[in-house]
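Residue-level structural notes
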Amino acid sequence: MLAAAALRTAAADPGMWLPSLIGQRIDDMRAKGFRLTAEDIYSVNRASMKDAVVLFNGGCTGELVSGEGLLLTNHHCGYGAIQALSSVENDFLTHGFWARSRAEELPAEGVYVRFLVRMEDVTDRLAAGETAQSIAEAARREGKGYRASVEPMYYGTQHFLFVYRQYDDVRLVAAPPSSIGKFGGDTDNWIWPRHTGDFSVFRIYAGADNEPAAYAADNVPYRPARHFAISTQGVREGDFTMIYGFPGNTQQYILSDVVKYVQECSDPMKIAVRTARLDLIAAAQRSDPALRIHYAAKHANIANAWKKWQGEVLGLERLDTYRRKQESEALFAHAMGDAGYGEYHEVLAELRREFARALPYYYTRELLAETLRTVAYGYSAEERNDPLFARRRPVERALYELVFEEYAARNTMLPAIPEFEAGVARCGSAKAYADRIFELAANDPAHAELTALKGGIERLGREIVAQLGTESLRNFNSARMSELYADYVTGLRRWAALCGREGDMFPDANLTLRVAYGSVAGYEYADGTYHEPQTTLDGIIAKDDPSVYDYDIPQALRDLHAAKDYGRWAVEANGRRTVPVCFLATNQTTGGNSGSPILDADGRLVGINFDRTWRSTMSDIEFDPAICRNISVDIRYVLFVMDRIGGVSFLCDLLHLFVRAG
Ligand code: ARG
Ligand code: GLU
């Protein structure tokens, strides 16, 4: 009892650490159960774990699991590639794909992976007069397929060079049917308990010399310097876990005023507009099976962030992040003043003034992105000639009406676009103007009125970029804010150092390789309701419903369950014989961490990360150890599906795992 209670309160460990500096965390990691060394995680002198992790196709993470280039990532990360390889006759999205031999592996055109060759702090080199461009340029010349970039950390107070080796011959090896890989769909997205088999399998190919090479039939499987061993022993609550991957973007140092903006203005606006768009699209999807398919990817895309933002607002409210940040800002300025750094009062004050100036531009840019920029000012001939277009027309028209009306109603901060204003005046309402523009886009896409409106939207876009001084919508920023944040974050680091806690700070995620660590843990979902950290096949069977698209599992899975035919993948859970499916842990993750390896204390692969719980999503701004959890698919479920649904005898790479030793 006591032990269980102690485990259940195990604190999470926020942090997305730079691999080359992991030595600063290794004592803490080892104290929490990790059994390897900093050199095992990152080394430039010998093979290390970093050699088994890739940036997958520019937005996800993947991991090598065999000496012959076999790679695991999420189903939703491979989705585009699987879709591109599918046809009506060979619908791999619906039915899955299992290559029976190397010869059957399918070249996934356009898919690429990047390995980190090395990373290096180049702050001093920049200070000495070198440019980021010249540093990256020189690094690119070091080897075949090399890519390099200099990335800012802590708002540019530090810069790191990242040198990658890119492989472009990547082939699809296996994907489960979507009824497994996307089980639960948008209904379960961001939700625990979760039962999604969110994995897909690729193989990296190289030239005979193991170097990057463009696709060629006689390329050979890439031989990585390192690959992950897979553990089939599973994990238990309290066990150490580590995630190695490419988190995309966090905003942990933003000003309290920005938190207030996100919580009270930005997120609510985006949620409201998307709710209306989703309602419209979903109704169309329900009314017509062809439209259900046509709008599937669009719906999933709109719904993903929509649901995330709702969780974020709830989380910020619950944590009272705005007020707490206000307090800590005041405390910081005061303490630093006492320590002889009087300037931070003014830095914060100027940051506030600059954000107030930038806000209307920032908001209008977000509004445009969610409204007027979501529709096409002219459909292509191909789209118009598609027989489906006639059925899409009422939906598309309604979407135009919706976003024109939303823009007109919510554009409260900047002067509107003159072309838009004139159009509304001419037609009598935003809705009538939307109808007019839709008809032109559908029937006369070269019409001058369309070009004029589009030009007006682009003009406003350029004006906003000029005012903000940056093209990037990242971090609710203007160029000037970035400079002020650099001062502010330098102050925060000084403050932390004064308190002996500098080592607890880490730079915001920016799609560079990071290490997060924590442990397997459930959480208190609501008063009196504890969510266990593991789900099982029985939960899938409980959700199974052939009449609900998101929960209609393959018959083969029903049959396996009915026969309890689990082979070596059977486990005992709560007195039942079942198969583990997904588990929760406390590692700090964000978008981009999809597909990341989740590793045990010995660095063995125990799962693939793919999501967070809904109540975690404010962790990009403030991480709450009590409830922030990442969601991984248990590697044993991945292997079970490969074995029992795919029939993997072909997959020599992993054959040893399918034969029970002893
Ligand atoms: N929420 C996960 C992520 O942010 C999974 C998204 C894909 N799944 C979906 N149902 N849309 O990417
Ligand atoms: N599904 C996300 C991704 O594609 C990861 C989930 C998250 O934001 O934590 O990277």
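Residues numbered from 1 in each chain as written. Chains lettered and ligands numbered in written order. Predicted model: local features only at pLDDT ≥ 70, side-chain atom pairs only at ≥ 80, totals over all residues. Heavy atoms only, no water.

As for the overall build of the protein
Within the protein, the secondary structure is distributed over 24 helices and 22 strands. A globule of 662 residues ought to have a C-alpha radius of gyration of about 26 Å, and the protein, at 26 Å, matches this closely. Here the C-alpha coordinates of the protein stretch approximately 80 × 70 × 60 Å along the principal axes. The contacts of the protein with a sequence gap of at least 6 include a subset with a gap of at least 24, amounting to 76%. Carbon and sulfur atoms make up 52% of the accessible area of the protein, which amounts to about 26,600 Å² in all. Of note, the protein has its 73 positive side-chain charges centred 1 Å away from the centre of its 88 negative side-chain charges. (Helix = DSSP H or I, 4+ residues; strand = E, 2+ residues; numbered from the N terminus. Rg over C-alpha atoms; globule rule 2.2 N^0.38 Å. Contact = heavy atoms within 4.5 Å. Areas by Shrake-Rupley, 256 points an atom, 1.4 Å probe, with all protein chains shown as cover. Lys, Arg positive; Asp, Glu negative; His and termini not counted. Charge placed at Lys NZ, Arg CZ, Asp CG, Glu CD.)

Things to note about the site of ligand 1
Around ligand 1, a shell composed of His76, Lys182, Gly185, Asp186, Asn189, Trp190, Ala300, Asn304, Phe610 and Asp611 is seen. Between ligand 1 and the protein, one listed contact pairs a nitrogen atom with a backbone N or O atom of Gly185 at 3.4 Å. One nitrogen or oxygen atom from the side chain of Asn304 is found 3.0 Å from a nitrogen atom belonging to ligand 1. Within the complex, 83% of the 340 Å² of free accessible area of ligand 1 lies under protein. Per-class residue counts for the shell around ligand 1 are three nonpolar, four polar and three charged. (Near = heavy atom within 4 Å. Polar contact = N/O pair within 3.5 Å; in protein donor to acceptor, adjacent residues only side chain to side chain. Nonpolar A, V, L, I, M, F, W, Y, C, P; charged D, E, K, R; others polar.)

Section: the packing of aromatic side chains
On inspection of all chains with the given rule, the structure shows 34 aromatic pairs. Between Phe160 and Phe162 the ring centres are 6.4 Å apart and the planes differ by 40 degrees, which places this aromatic pair in the tilted class. A relative accessible area of 0% places Phe162 in the buried class. Ring geometry for Tyr379 versus Phe438: centroids 6.1 Å apart, planes at 80 degrees, classification edge-to-face. Remark: Phe438 occurs in helix α18 (residues 430-443) and Tyr379 occurs in the loop between α14 (344-370) and α15 (381-385); sequence separation between them is 59 residues. The class of Tyr379 is buried, set by a relative accessible area of 4%. Of the aromatic side chains, those joined through ring pairs into one cluster are Tyr379, Phe389, Tyr400, Phe404, Tyr407, Phe420, Tyr433 and Phe438. Note that Arg171 overlies the ring of Tyr205, its terminal NZ or CZ placed 3.6 Å from the centroid. The ring of Trp309 has Lys270 lying over it, and the distance from NZ or CZ to the ring centre is 4.3 Å. (Phe/Tyr/Trp six-rings, centres within 6.5 Å; stacked < 30°, edge-to-face > 60°. Buried < 20%, exposed > 50% of the residue type's maximum accessible area, 1.4 Å probe, protein only. Lys NZ or Arg CZ within 6 Å of the ring centre and 35° of its normal.)

Some thoughts on helix α20 (residues 479-498)
Between its first and last C-alpha atoms α20 spans 29 Å; for 20 residues at 1.5 Å apiece the expected length is 28 Å, and the two agree. When α20 is considered as a whole, its buried residues turn out to be Met481, Leu484, Tyr485, Ala486, Tyr488, Val489, Gly491, Leu492, Arg493 and Ala496. Residue Gly500 follows α20 closely and has a positive phi angle near 70 degrees. (Expected span 1.5 Å × (residues − 1).)

Let's talk about the state of the cysteines
Under the counting rule described, the total for this entry stands at one disulfide. At a sulfur-sulfur separation of 2.2 Å, the disulfide partner of Cys60 is Cys77. Judged by the torsion about the S-S bond (-75 degrees), the Cys60/Cys77 disulfide is left-handed. Here Cys77 lies in helix α4 (residues 75-85) and Cys60 lies in strand β2 (residues 60-64), a separation of 17 residues in the sequence. Judged by its relative accessible area of 11%, Cys77 falls in the buried class. With no disulfide of its own, Cys628 has Cys582 as its nearest cysteine by sulfur position, at a separation of 18 Å. A relative accessible area of 1% means that Cys628 is categorised as buried. (Disulfide = S-S within 2.5 Å.)

Some points on the packing of helix α17 (residues 418-427) against helix α19 (residues 448-468)
Look at α17 against α19: their axes get within 7 Å of each other, and the N-to-C directions meet at 135 degrees. Relative to α19, the element α17 is oriented oblique. For the pair α17 and α19, contact is made by Pro418, Glu419, Phe420 and Arg426 and by Glu449, Ala452, Leu453, Gly456 and Arg459, respectively. Tallied by class, the residues present in the contact of α17 with α19 amount to four nonpolar, one polar and four charged. (Axes fitted to C-alpha atoms, helices over the stretch in contact; angles between N-to-C directions. Parallel < 35°, antiparallel > 145°, perpendicular 65-115°, else oblique.)

Comments concerning the side chain of Arg114
For Arg114, the position within the fold is in strand β6 (residues 113-121). One buried charged residue, Arg114, remains without a salt bridge, the closest side chain of opposite sign being Asp168 at 7.5 Å. At a separation of 2.9 Å, a polar atom in the side chain of Arg114 contacts the side chain of Gln166. Non-local contacts of Arg114, meaning those with residues more than four positions away in its chain, are made with Val53, Val54, Leu55, Arg147, Tyr164, Arg165 and Gln166. (Salt bridge = Lys/Arg side-chain N within 4 Å of Asp/Glu carboxyl O.)

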